[in-house]
Amino acid sequence: MTMTLTINGKKRTLTIDPGEKLLDVLRREGYMGVKKGCGAGDCGACAVLFNGRAVNSCLVFAAKAEGAEILTIEGLATGEVLHPVQEAFLQEGAVQCGYCTPGMVMATIDLLSRNPDPSEPEIREALSGNLCRCTGYVKQVNAVQRAAEWMKGGETRG
Amino acid sequence: MADRPKRFVTVGKNLRKVDGTALITGKPEFVADLQLPNTLHVKILGSPYAHARITSIDVRDAEAMPGVVCVLTHLNTPATRHTTAGQGYPEPSPYDTRMFENKVRFVGDRVAAVAAESEAIAEAALKVIRVDYEELPAVLAIDEARVDGAPVIHDEADSTGIYDAGRNIVADVDIDVGDVAAGFAESDEIVEMTCETQYAQHTPIETHVVLSYLDSANRLVLRTSTQVPFHVRRIVAQTLDIPMQQIRVIKPRIGGGFGTKQEILLEDIVGLITLRTGQPALISLSRQEEFAASRTRHPMRVRVKLGANSDGRLNAIEMEATSNTGAYGSHGLTVLANTGSKTLPLYNKAPHAHFYGQAIYTNLPVGGAYRGYGATQGYYPLEMAMDELAVRLNMDPIDLRTLNHIRVGETSPIFEKLGEGREGVSQTVKSCELPRCIEIGAERIGWAKKRGKRLKIGPWVHGVGMSIMMQGSGIPEIDMAAATIKMNEDGSFNLLIGATDLGTGSDTILAQIAAEVLGVPLTKMLVTSSDTDYTPFDVGAYASSTTYVSGMAVQKAAEQVRDQIRAVAAPLLKAEAERLELRDDAVHDPSGDQVSLARVCQRAMYETDQFQIGATASCVPTESPPPFLANFAEVAVNTETGKVKVVHYVAAVDCGVAINPHMAEGQMEGAIVNGIGYALTEEMILSSKGRVRNPSFFDYKIPGMLDVPPMDIILVESYEPTGPMGAKSVGEIGINGPIPTIANAIYDAVGVRLTETPFTPERVLNAMKAVSG
Amino acid sequence: MSNIKTYQRPASLEDAWRLLSEEGKTAKLVGGAVDVGLFAPPEVATLIDLSHLLSTSVESRDGGGLVIGAGVTLTELLESPQAQAYGGGILVTMLRQVASPLLRNAATLGGALASTHPWSDVITLLLALDAQVRRYSGHPEEAALETLLESRGTMDRVIISEVSLPRLEERTYIDFEKFVRTGFDVGMLNCACRMSLSDDGCANVRVVLGGTPDIARRSPDVEAAIAGTSLTASDIEKAAAVASESIPARDDVRASGAYRRILAKAGVRRCLQRMAQKAGE
C-alpha cells in the first residue's frame, strides 16, 4: 500500500506493507538514527515524535502514520547548529555509546515542549521508558535540565 | 617515567566525545546502519532441548523456499574446534565449540542458519527445517554436574583444553600462600560465608549484530559489533579455515558491550554465507535471541572463610569458587581465576591464603566475559564476610578494612601466584588512595551517625553498609596494544588505534593523551579506531585495559612523534631539539621563538630531508595497577513487602589521573547502576528444562531512570607512575560494589545476611522470616 | 511473524463493524496499536484502524461523572483537567504508574480495556470505579465493565467507543496500589478499593485485585469484611488478611503465588489505611 506522511518537515509518499512497523519503514528510508533495541516497546531506543508526542516506533504500524508528522533525530539540527537538547547532551557527557541517545533526546523534546521547566522527578518519569545500559542516567538528567534552561532563555545553544 | 606535570592542558578536561556529534545527530555509524544491495538476512535455528543429539536434519524444504539462498548445518560447515572467547592467542579457554554440531548442549544452541532475501523468509524457512533429536539426560544445576553417572556434556574426542571432560569440569584452580589451616588454628575469630549468584546478562541496547560482504578484491569484510576486532579476524580465519589475510574486520560505533561482545558469536556464520554466496549477509539478534543464546555472567557459588586475631588482623583467607560456565567453556578458566586474583590481594596482610575452585559445564546458557569478570562474584562473599567479622569483633567495618587492606609500596604473593588462568606477575602497588576514598565516602554517606541506628519510617527501616575493592588495569605480560600517529601538513594528526571504543569514550581519551603530548587541541586529532586493515594491533576492550594499556601505547607513539617534530623544528628555531616544547599548535624554544606545527610538517614533507613524521608504538604492560574503590550505601528495607530501596549510593574511586572526568564518572555511574540491577532485580529465570523464561526487558528488569538512587561518584585522584598521564583503568571496578554494599546495608537495617542474588523482595522477606522464626 | 495483508481505515463505525464481522478472527481492531503488533495471533490478516472514528474527548457529566472517548490516549487522559479532578486525582495516580510515557502516548483507553492484559492497572481501577462501557456491535450497547469481563475473550471483538465513570457520592474514597520490580514495569500485583463512609460504616465497597497473575477481579470476601465497619485498624488488618487468602494466587516469572498473597495483604492494607486517614480528615 502507499501512504503519505511528513518526515522531518518533508512530505513523503511511501510504499509499505500493511503490517510493517514505523521503525522498519523509517530505517529502510534511511533514518538510521532510529534504533532498534527490543522491538517490543520496552527500551525506547526507537522513539520518534508522532504528531509531537514521543512514541515507540517499533510498535506503531507504519500505516497508522498516514497524514502524520514524524520527527526523528535527523530532523533536529539546523545545518551545523544542533538543537539545544542535542547540545546539552554532549556538553553534560550524557552520551556514551549513543545507541539509546536518539530515543532519549526525542523523549526529552516531547517533555520540554509541554513542560519547559521540569523538576527532576518529572524528567525521570518522562524518560522512564528509555533504557540505557552504559550510563547511570545521571548526566542525562543534568542534560535535560541544562537544555530546559537554555530553551527558556530562548537560546538555541549553550 | 615522567613525574606528574604541574598542570595538564588537554588531559583532565571534560572534553566532548570526538564521535559525539555523529552520535547525537543520528548519523548511520552502527553496524546495521549500513545498507548494501542484495543483503541476505540470516536467522539461526536454536535447539529446543538442553541436551540432545541430532539424529537427522532435513533442510530441503527450507532450501526450496523462494528467497532462501543458503542453509548451513553441521553437514556442510567446517568442523574446526575452537573457542568463541575473544582472548589473546593461545586462548586460555577450551576448544570445545564447532560452528554447528550434531549435538546440542543448551536450549538455543545452534542447529542451523538460514540466509534469505528477507528476515521474514528466513524465519519462515527455519520453521520447515525438520530435525530429529535424540534427547539426552541433561545437567541442569551445578550440583548435578560432577556426580557419578552424570551426563557427559563434552563427550567428543576432539575437544581440547578441558580439565576433565568426563566429569564436566572445564577448569581447576588451586593456589596456596602459607598454610591456611595453621592460620585458622591461630585465629581468635573465624567467619565463613557462602554466596550464590544468579544468571545475569549484559543487555547492551544494541544486540549482537554483524554485516559481512566481499570487497573489490573478494576479501571478506566483517563489519561487526565487537570488543575484539583482531581476535575476530584470527578466530574466524581459524574456524572457517581460510587465510587470515582474506579477512578484514571493521568495528564501527558499537552500542555497548560489557563483555558480551568479547565473543566471536556470529561472525563465522555470516562470513561463511558471504563466502558461499558472494552476497552481503546481515545478522542481528532479536532481544529474545540475545537472552537465550548469547552470553551471560557465570553464576557462581563462592565460599569465603576468614580467620582473624581479636584485634582484627587477618591471619588467613580461604576462597572456594564453583563456577557454572554453561554448555561451553568460554572464559571459564579465567573468570574463575579472577575471582581469586582480583580479590585476595586486597587483604595482603593475611599471611595465609588459599584459593581453589572449579569451572563446570552444565546444559544451561553459556557464560562469558562480563564486566567485573569473576571479581564481582568473589567480592560478594568476601566483603560480606568482612562485615560479619567486624560485627563479631565488635569493630567498625571501616576500621577492620583499614587495618588489612593493601597500600602503596606493598605487594601480595597472589599477584605472582595467580594470573590469567596461569601464573601471574608480581607487582608492587605504586598508587593507592583507598584510605582517602574510605574517608570521603564515609563522610558523604553519614556513616558515623547512621550506622547501627535502624531509623524507622513507617514500614521502612534504614541501614548503611560499605565495601572496598580493587580490580586491575589490563593483563600484564599478555595484553598488547599499539597506536600509530602520523602528521599532516596542516598540523593535524591521524591517530590510528586498534583499541575498541564500544561506547566507553576511549577514542576521545586516547586522543586527549596524544593531544597533551603534542601540544594541540583535541580537534587536531583525527581518530580512526578498529579496522584490522588500517589500524595497528590491539587486543581489544576488555580486562580494564584500554586507558592503561592502549593509553600507554598512544603516549609512547605521541612521544616519538614529538621527538621527530622537535628534530625538524630545531634547525628552524636554531635551538637544541631537547629544549623545545610543543604547545598551542607550535614548537617553542626557551627564548620565546616559535614555529607552527604546520610549518614543521611542511618542511618535513616538501623541503628538507623529507620524511613522514609519524610513529607506531606498542605497549605490553609489565604490571596491572589496580584502581581502588570504596562503596557506601544507605538502603531502606520495607518490613511488610521485603522491598529494598537504595536511598543513597556513594562511590569514591581511585582511578589515577582521570583523563576525562566526565567519562570516568560515566564508567562508574554505569557500572554501579548495572551492579544495582544485578543486586536487586536482574535474573534470568530458567525453566526445569533449561529454557530462559524471561527473555525480554518486559520481564528481565534492568534499572531505568526511576530506579537509580541519588549517587555521589567521587574521583579521588592519585598518580600512577606507570600509567599514561598517571592514569589507571576504571571500566569494570564499579560493578563489583553494589552487591556486597547493599547486602551489608540490609544487614545493618534488619539483621539478615542475604546469601543469594538478586535481593528480590521475596528473598529479603523470606530471609527476615527465617531469622525472626 | 506478521501475516497482515490489509490495513483498513473504515469511514464509519458501521463500516468498521461490518469489516470485523465479515473477517472474523482474521481481523483485529487497532486503537493506539501498542499491543496489536506484539500480541496479535498469526491468523490476523486485516487490521481495522479505529483511531479516527473514536472520540478523544474527556467530559464531566451528571454533576461529577466522567465520559471518556475510547480513542483518548492514556497521556491525554492523564493531562485532562476533568480526569485530574475526578475522584481526588485517582486516575492520575494510577495512569502515572502505567508503563512509560512512550507507551502512554500511543495507548488508548479503548485499547487498554480491549486487550484485557492480566496485569492491567487501568482495568483494576476502572472495575473498582464501576465503569460503564459503551460499545458498538452494529448498534450501540452499554454494559458494566464488570459484566463484560465475564466474557473476557470477546472484549476485543466489539468496538469500544466510550467509557463512563459514575459521579462519586460525598465521602466516597478511592485508592490504588501497585507493586513493581522496577519503576517501569507491569505489577506483580495491583489493587484498587472504593467505598463510601458514613456514620453507618463503610458502604458501596469495591475491592479489586489484579495481576494475581490473573486479570483484575473483585474480591467479595474482602468487600464483605469491610462493609459496615468503621475501618478501624483491626478492621483493616482483618480485611487485609482476607485479601491475602481470597486471591487466586499463582507463580509466574514475576512473583510466586505465596508472595502475591503477602502483596495482596499489603496492598489492601495500604489502600484502606490511606482511605481511613482521608475519611478522618
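Residues numbered from 1 in each chain as written. Chains lettered and ligands numbered in written order. Predicted model: local features only at pLDDT ≥ 70, side-chain atom pairs only at ≥ 80, totals over all residues. Heavy atoms only, no water.

Some words on the overall build of chain B
What counts here: Numbering of helices and strands runs from the N terminus, with a helix taken as a DSSP run of H or I at least four residues long and a strand as a DSSP run of E at least two residues long. Values of the radius of gyration come from C-alpha atoms, whereas the globule rule sets the reference at 2.2 Å times the count of residues to the power 0.38. Exposure classes here rest on a 1.4 Å probe applied to the protein chains alone. A residue is buried below 20% of its type maximum, exposed above 50%, and partly exposed in between. Residues are treated as being in contact if the distance between any of their heavy atoms lies within 4.5 Å. Method for areas: the Shrake-Rupley scheme with a 1.4 Å probe, in which residue coverage is limited to the protein chains shown. Charge counting follows a simple rule: Lys and Arg are positive, Asp and Glu are negative, and His as well as the terminal groups are ignored. Note that the charge is assigned to NZ on lysines, CZ on arginines, CG on aspartates and CD on glutamates.
Secondary structure summary: chain B contains 20 helices and 27 strands in total. By the compact-globule yardstick of 28 Å for 773 residues, chain B fits well, its C-alpha radius of gyration being 27 Å. Taken along the three principal axes of its C-alpha coordinates, chain B extends 85 × 75 × 50 Å. Residues counted as buried form 66% of the 773 residues belonging to chain B. A separation threshold of at least 6 residues defines the contact pool for chain B, and within that pool the share at least 24 residues apart is 80%. Entry remark: accessible area of chain B is about 24,900 Å², with carbon and sulfur atoms responsible for 49%. In chain B, 72 side chains carry a positive charge and 94 a negative one; their mean positions are 3 Å apart.

Comments concerning the pairing of strand β27 (residues 711–715) of chain B
Applicable threshold: Any two strands between which DSSP finds at least two bridges are classified as paired.
In the sheet, strand β26 (residues 644–654) of chain B pairs with β27 of chain B via five bridges, with the strands oriented parallel. Of the residues in β27 of chain B, the one forming a bridge with Ala 651 of chain B is Ile 713 of chain B.

A word on the nonpolar core
We apply this condition: Side-chain atoms within 4.5 Å are what join buried Ala, Val, Leu, Ile, Met, Phe, Trp, Tyr and Cys residues into a set we call a nonpolar core.
If you look at the biggest cluster of nonpolar residues, it comprises 169 residues, and the most contacted ones within it are Phe 89 of chain A together with Phe 632, Ile 742, Ile 746 and Phe 759 of chain B. Residues contacting Phe 759 of chain B, with those up to four places away along its chain left out, are Tyr 380, Ala 679, Leu 680, Ile 739, Ile 742, Ala 743, Ile 746, Leu 754 and Val 764 of chain B. Counting 90 residues, the second-largest nonpolar core is a separate cluster that includes Leu 13, Ala 107, Leu 125 and Leu 129 of chain C.

Focus: the interface of chain A and chain B
You'll often see interface size given as the accessible area lost when the parts meet. Which entries qualify depends on this criterion: Put simply, buried area is the surface a 1.4 Å probe can reach on two separate parts but cannot reach once they are joined, added for both. Think of a salt bridge as a Lys or Arg side-chain nitrogen and an Asp or Glu carboxyl oxygen that are within 4 Å of each other. Here a polar contact means two N or O atoms within 3.5 Å. Within protein one must be a hydrogen donor candidate and the other an acceptor candidate, and residues neighboring in sequence count only if both atoms are side-chain atoms. Note on residue categories: nonpolar means Ala, Val, Leu, Ile, Met, Phe, Trp, Tyr, Cys or Pro, charged means Asp, Glu, Lys or Arg, and polar means any other residue, Gly included.
Taken residue by residue, the interface counts 44 residues in chain A and 44 residues in chain B. In total, chain A and chain B occlude about 3,700 Å² of area from one another, counting both sides; carbon and sulfur atoms represent 61% of this. In this structure, the salt-bridge partner of Lys 139 of chain A is Glu 665 of chain B, at a minimum N-O distance of 2.8 Å. In this assembly, chain A and chain B are joined by 22 residue pairs in polar contact (both at pLDDT 80 or more). At the level of secondary structure, the elements contributing two or more residues to the side of chain A that touches chain B comprise α1 (22–28), α2 (84–91), α3 (101–114), α4 (120–126) and α5 (138–152) of chain A. Per element, the largest residue contribution to the side of chain A that touches chain B is five residues, and it comes from α2 of chain A. Taken together, the residues that form the side of chain A that touches chain B break down as 20 nonpolar, twelve polar and twelve charged.

Thoughts on the pattern of salt bridges
Summed over all chains, the structure comprises 95 salt bridges over all chains. The closest approach of N and O atoms between Arg 392 of chain B and Glu 189 of chain B, which form a salt bridge, is 3.4 Å. You can see Arg 392 of chain B sitting in helix α10 (residues 375–392) and its partner Glu 189 of chain B sitting in strand β8 (residues 189–196), a full 203 residues away along the chain. Arg 18 of chain C is the partner of Asp 15 of chain C in a salt bridge, and the nearest nitrogen-oxygen pair spans 3.0 Å. With Asp 15 of chain C and Arg 18 of chain C both in helix α1 (residues 13–23) and three residues apart, this pair spans about one turn of that helix. Judged by relative accessible area, which is 26%, Asp 15 of chain C ranks as partly exposed. Sharing partners across several salt bridges, the network here consists of Glu 640 of chain B together with Asp 175, Glu 177, Glu 237, Arg 269, Arg 270, Arg 274 and Lys 278 of chain C.

Re the domain arrangement of chain B
Residue and element names in this part refer to chain B. The condition is simple: Per the annotation, domain bounds derive from an automatic or database assignment of domains.
Split by domain assignment, chain B resolves into domain 1 (20–28 + 480–619), domain 2 (34–136 + 205–256 + 261–293) and domain 3 (300–475 + 623–772). Inter-centroid distance (C-alpha atoms) of domain 1 to domain 3 is 38 Å. The partner domain 3 presents 21 residues to the 19 residues of domain 1 that form the contact. Of the roughly 1,500 Å² buried between domain 1 and domain 3 on both sides combined, carbon and sulfur atoms contribute 65%. It is Ser 544, Thr 547 and Tyr 548 that lose the most area in domain 1 upon contact with domain 3, and together they represent 43% of the buried surface on that side. Here domain 1 is connected to domain 3 by zero salt bridges. Seen at the junction of domain 1 and domain 3, the total is nine residue pairs in polar contact (both at pLDDT 80 or more). Every element with two or more residues in the side of domain 1 that touches domain 3 is listed here: α15 (506–518) and α16 (546–573). When residues in the side of domain 1 that touches domain 3 are grouped by element, the largest group, seven residues, is from α16. Residue composition of the side of domain 1 that touches domain 3, by class: eight nonpolar, ten polar and one charged.

A short note on the layout of surface pockets
Summary: where empty space remains is shown by rolling a probe the size of a single water molecule over the atoms. Heads up, the condition is: Throughout, the protein atoms alone are placed on a 1 Å grid, and a set of points is a cavity if a 1.4 Å probe fits but cannot get out or a pocket if it is open with protein on both sides within 12 Å along at least five of seven lines; lining residues have an atom within 4 Å of a point. Grid points are joined across faces, edges and corners, and a volume is the space filled by probe spheres set on the points.
The calculated volume of the second largest pocket comes to roughly 1,400 Å³. In terms of lining residues, the second largest pocket is bounded by 49 residues, among which Lys 643 and Thr 681 of chain B together with Val 180, Arg 181 and Thr 182 of chain C are the most central. For the lining of the second largest pocket, a count of residues per class yields 20 nonpolar, ten polar and 19 charged.

A word on the interface of chain A and chain C
Contacts between the two partners involve 28 residues from chain A, matched on the other side by 27 residues from chain C. Interface of chain A and chain C: buried area, both sides summed, is about 2,100 Å²; carbon and sulfur atoms make up 58% of it. Three residues, Phe 61, Lys 64 and Glu 125 of chain A, lead the burial of chain A against chain C; their summed loss comes to 30% of the area buried on that side. Mapped onto the side of chain A that touches chain C, the elements with two or more residues apiece are β4 (53–56), α3 and α4 of chain A. Residues that form the side of chain A that touches chain C fall into these classes: twelve nonpolar, eight polar and eight charged.

Here we look at α5 of chain A
The test is simple: One less than the residue count of a helix, multiplied by 1.5 Å, gives the span that helix is expected to have.
The first and last C-alpha atoms of α5 of chain A sit 22 Å apart over 15 residues, in line with the 21 Å expected at 1.5 Å per residue. Along α5 of chain A, the residues classified as buried are Lys 139, Gln 140, Val 141, Ala 143, Val 144, Ala 147, Ala 148 and Trp 150 of chain A. Those residues of α5 of chain A that are buried are in contact with α2, α3 and α4 of chain A together with α18 (661–680) of chain B.

Focus on empty space enclosed by the protein
Residues and elements named next belong to chain B. Under the definition given, this model contains seven cavities of 30 Å³ or more. Taken as a whole, the largest cavity holds about 700 Å³ of empty space. Lining the largest cavity are 45 residues, and of these Thr 504, Ser 544, Gln 667, Gly 731 and Glu 732 lie nearest its centre. Put simply, the parts of the chain that give the lining of the largest cavity at least two residues each are α15, α16 and α18.

Considerations on the packing of aromatic side chains
Under the convention used in this document: The aromatic pairing rule takes the rings of Phe, Tyr and Trp, using the six-membered ring of Trp, and pairs them if the centres are within 6.5 Å, calling planes under 30 degrees apart stacked, those over 60 edge-to-face and the rest tilted. Charge-over-ring contacts are defined here by two conditions on Lys NZ or Arg CZ: a distance within 6 Å of the ring centre and an angle within 35 degrees of the ring normal.
This model, assessed by the stated rule, comprises eleven aromatic pairs over all chains. Here the aromatic rings of Phe 106 of chain B and Tyr 328 of chain B are separated by 6.4 Å at their centres, their planes lie at 80 degrees, and the arrangement is edge-to-face. Of the two residues, Phe 106 of chain B sits in the loop between β4 (103–104) and β5 (110–116) while Tyr 328 of chain B sits in the loop between β14 (314–326) and α9 (332–341), which places them 222 residues apart along the sequence. Ring geometry for Phe 698 of chain B versus Trp 119 of chain C: centroids 5.1 Å apart, planes at 65 degrees, classification edge-to-face. Of the two residues, Phe 698 of chain B sits in the loop between α18 and β27 while Trp 119 of chain C sits in the loop between α7 (109–114) and α8 (121–128), which places them in two different chains. Judged by relative accessible area, which is 23%, Phe 698 of chain B ranks as partly exposed. What links up through ring pairs into an aromatic cluster is the set Phe 291, Phe 697 and Tyr 700 of chain B. Positioned above the aromatic ring of Phe 61 of chain A is the side chain of Lys 21 of chain A, whose terminal nitrogen or guanidinium carbon lies 5.3 Å from the ring centre. Here the basic side chain of Arg 297 of chain B rests over the ring of Tyr 370 of chain B, its NZ or CZ set 4.0 Å away from the ring centre.

Here's the deal with unusual backbone geometry
For the peptide bond that leads from Tyr 89 of chain B to Pro 90 of chain B, omega is -5 degrees, which places it in the cis range. Backbone geometry places Ala 99 of chain C, a non-glycine residue, at a positive phi of 50 degrees. Here Ala 99 of chain C shows up in the loop between α5 (90–95) and α6 (101–104). Positive phi, close to 60 degrees, is recorded for Leu 231 of chain C, a residue that is not glycine. Considering the arrangement of structural elements, one finds Leu 231 of chain C in the loop between α10 (220–226) and α11 (233–246). Judged by its relative accessible area of 6%, Leu 231 of chain C falls in the buried class.

Brief notes about the side chain of Gln 377 of chain B
All names here are of chain B. Relative to the assigned elements, Gln 377 resides in helix α10. On the accessibility criterion, Gln 377 (2% relative accessible area) is buried. In this structure the side chain of Gln 377 is engaged in a polar contact, spanning 2.8 Å, whose partner is the backbone oxygen of His 298.

What about the packing of helix α6 (residues 229–240) of chain B against helix α7 (residues 267–277) of chain B?
The angle between the axes and the distance between the axes are what describe a pair of packed helices. All names here are of chain B. The following threshold applies: Structural elements are reduced to axes, namely lines fitted to C-alpha atoms, with helices fitted over the stretch in contact, and the angle between N-to-C directions of any two is expressed from 0 to 180 degrees. Roughly parallel refers to an angle under 35 degrees, roughly antiparallel to one over 145, roughly perpendicular to one between 65 and 115, and oblique to any angle outside these ranges. In this scheme, a crossing is called left-handed if the near helix is turned counterclockwise away from the far one by less than a right angle; it is called right-handed if the turn is clockwise.
It is at 10 Å that the axes of α6 and α7 come closest, and there the two elements cross at 60 degrees. By the angle between their directions, the pair α6 and α7 is classed as oblique. When you trace α6 past α7, the crossing you get is right-handed. Of the residues in α7, those in contact with Val 232, Val 236, Thr 239 and Leu 240 of α6 are Glu 267, Asp 268, Gly 271, Leu 272 and Leu 275. Class assignment for the residues of the contact of α6 with α7 results in five nonpolar, two polar and two charged.

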